[in-house]
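What follows is each chain in one-letter form.
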Amino acid sequence: MLDNKEKIYDTAIVGCGPAGLSAAINLKIRNMEFIMLGVEFCTPKLYKAENVDNYLGFYNISGEELRATFLEHARKMGIEIQNNKIDNIYFQGDYFTLISRNIEFKAHSVIIAVGVSNEKYLPGEEKLLGSGVSYCATCDGALYRGRNVAVVSFTEDGVEEAEYLSELAENVFFIPQYEFNGKFLVNNIKVINKKVQKINGELRVESLTLENSELDIDGVFVLRELTPPDKLLFGLEVDNKHIKVNEQMETNIPGVFAAGDCTGLPYQLARAVGQGQVAGLNAANFVRKKKKLITKTT
Ligand SMILES: Cc1cc2nc3c(=O)[nH]c(=O)nc-3n(C[C@H](O)[C@H](O)[C@H](O)COP(=O)(O)OP(=O)(O)OC[C@H]3O[C@@H](n4cnc5c(N)ncnc54)[C@H](O)[C@@H]3O)c2cc1C
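Residues numbered from 1 in each chain as written. Predicted model: local features only at pLDDT ≥ 70, side-chain atom pairs only at ≥ 80, totals over all residues. Heavy atoms only, no water.

K.L.:
How would you sum up the pattern of salt bridges? Please name residues and give values.
P.N.:
When their charged atoms lie close together, side chains carrying opposite charge are able to pair. Following the criterion strictly, the structure yields 14 salt bridges and no others. The salt bridge involving Asp218 is made with Arg147; its shortest N-O contact spans 3.7 Å. In this pair, Asp218 is assigned in the loop between strand S13 (213–216) and strand S14 (219–223) and Arg147 in the loop between helix H4 (137–140) and strand S8 (148–153), connecting sequence segments 71 residues apart. Judged by relative accessible area, which is 24%, Asp218 ranks as partly exposed. For Arg147, a relative accessible area of 36% gives the class partly exposed. Connected through salt bridges with shared partners, the residues Arg101, Asp157, Glu160 and Glu161 form a single ionic network. (Salt bridge = Lys/Arg side-chain N within 4 Å of Asp/Glu carboxyl O. Helix = DSSP H or I, 4+ residues; strand = E, 2+ residues; numbered from the N terminus. Buried < 20%, exposed > 50% of the residue type's maximum accessible area, 1.4 Å probe, protein only.)

In structure tokens form, the structure reads like this:
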């Protein structure tokens, strides 16, 4: 059961990298009520940058120092980062619902600033998405009550998803694609330490091809560090793996904006920060207009 929060924020920002943080400080200056959702470490990309020379005003600075400076700026403005990875976003007629495991958030507008991933789909994954392939156990787990499912996990997040599924499914096969040293205390989760090569099935998922073996299953949950943007929000237009935006950072879905690496090349800080600002200001305008319209019609 979802933990239903009734509050509808003006804006939900998904992603706490430079683009998301830039959107946040501009929403704050505009006095908007927003929520900033990110994963624990904002942001691994910047942390990995040994030396940054091309960000104006900060010559010869390490990525980590710049990251800490950005976060400190946000903290000083009273911006809090809610530690929630968003699994799905739905439009519900009048507002957007963002789902993170068993919590949901509501907002009139959304800024997607999730960065970009280089991970490739597994063969069969895209074709069978929605027909046995899922990215969210909380959203789709109930469909597999009494059945056999696999959790193919590239991240530690998969552990919790497997535990949740074990309450519903007959058997859960946990197949870590990273070094996993833990163990489960529930009997119906079996750990298989093999690489997954392929997801098989014509109309629905039927099995997985693993190294030297085949595993029959009814559904598979694929857990990655980043969910591809068009899988995050159904109907979001993408070009290859980048979200399509116009100069106002508007996507094809009214009320949804995107900024930063997730919108395309070059993957650079200054671009991410600039786009975050434009997205923040336009999300604020969108919500103001929407609220005025509601006041006029009531
Ligand atoms: C090694 C390296 C060196 C670099 N050097 C430079 C340089 O010198 N100069 C330069 O200009 N740029 C450099 N870059 C690029 C720069 O780091 C990126 O362009 C910048 O970080 C992009 O910001 P972003 O906010 O768009 O995305 P990211 O920084 O990737 O931030 C996205 C955030 O969103 C979070 N997120 C993702 N999905 C979700 C979800 N579903 N729910 C909640 N949160 C989510 C991620 O965890 C992450 O924290 C470098 C990058 C690397 C990797």
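Resuming the write-up.
K.L.:
Tell me about the nonpolar core, and name the residues and values.
P.N.:
Formed by 32 residues in total, the largest nonpolar core has its most connected members in Ile13 and Ile111. Among the secondary structure elements, those contributing two or more residues to this core are helix H1 (18–29), strand S2 (34–38), helix H3 (63–76) and helix H7 (269–297). Residue contacts for Ile111: discarding those within four places in its chain leaves Thr11, Ala12, Ile13, Val14, Ala23, Leu27, Phe257, Ala279, Gly280 and Ala283. Counting 22 residues, the second-largest nonpolar core is a separate cluster that includes Val14, Ile86, Ile112 and Leu236. (Core = buried A, V, L, I, M, F, W, Y, C linked by side-chain atoms within 4.5 Å. Contact = heavy atoms within 4.5 Å.)

K.L.:
Can you break down a negative patch on the surface residue by residue, with the values?
P.N.:
Residues Glu202, Glu206, Glu214 and Asp216 make up a contiguous surface patch of negative charge. Looking at where Glu206 falls in the secondary structure, it is placed in the loop between strand S11 (196–200) and strand S12 (207–210). We classify Glu206 as partly exposed; its relative accessible area is 48%. (Patch = residues over 30% accessible without salt bridge, like charges linked within 9 Å, V, L, I, M, F, W, Y side chains within 5 Å. Areas by Shrake-Rupley, 256 points an atom, 1.4 Å probe, with all protein chains shown as cover. Lys, Arg positive; Asp, Glu negative; His and termini not counted. Charge placed at Lys NZ, Arg CZ, Asp CG, Glu CD.)

K.L.:
Tell me about the state of the cysteines, and please be specific about residues and values.
P.N.:
Overall, the coordinates contain 1 disulfide when judged by the stated rule. Linked covalently through their sulfurs, Cys16 and Cys42 form a disulfide whose S-S length is 2.0 Å. Sign of the S-S torsion, about -85° for the bond between Cys16 and Cys42, identifies this disulfide as left-handed. Residue Cys16 is located in the loop between strand S1 (3–14) and H1, and its partner Cys42 is located in the loop between S2 and helix H2 (44–48); the two are separated by 26 residues in the primary sequence. Both residues of the pair, Cys16 and Cys42, count as buried. Cys262 takes part in no disulfide bond, and the closest cysteine sulfur to it belongs to Cys16, at a distance of 13 Å. According to the relative accessible area criterion, Cys262 is buried, its value standing at 1%. (Disulfide = S-S within 2.5 Å.)

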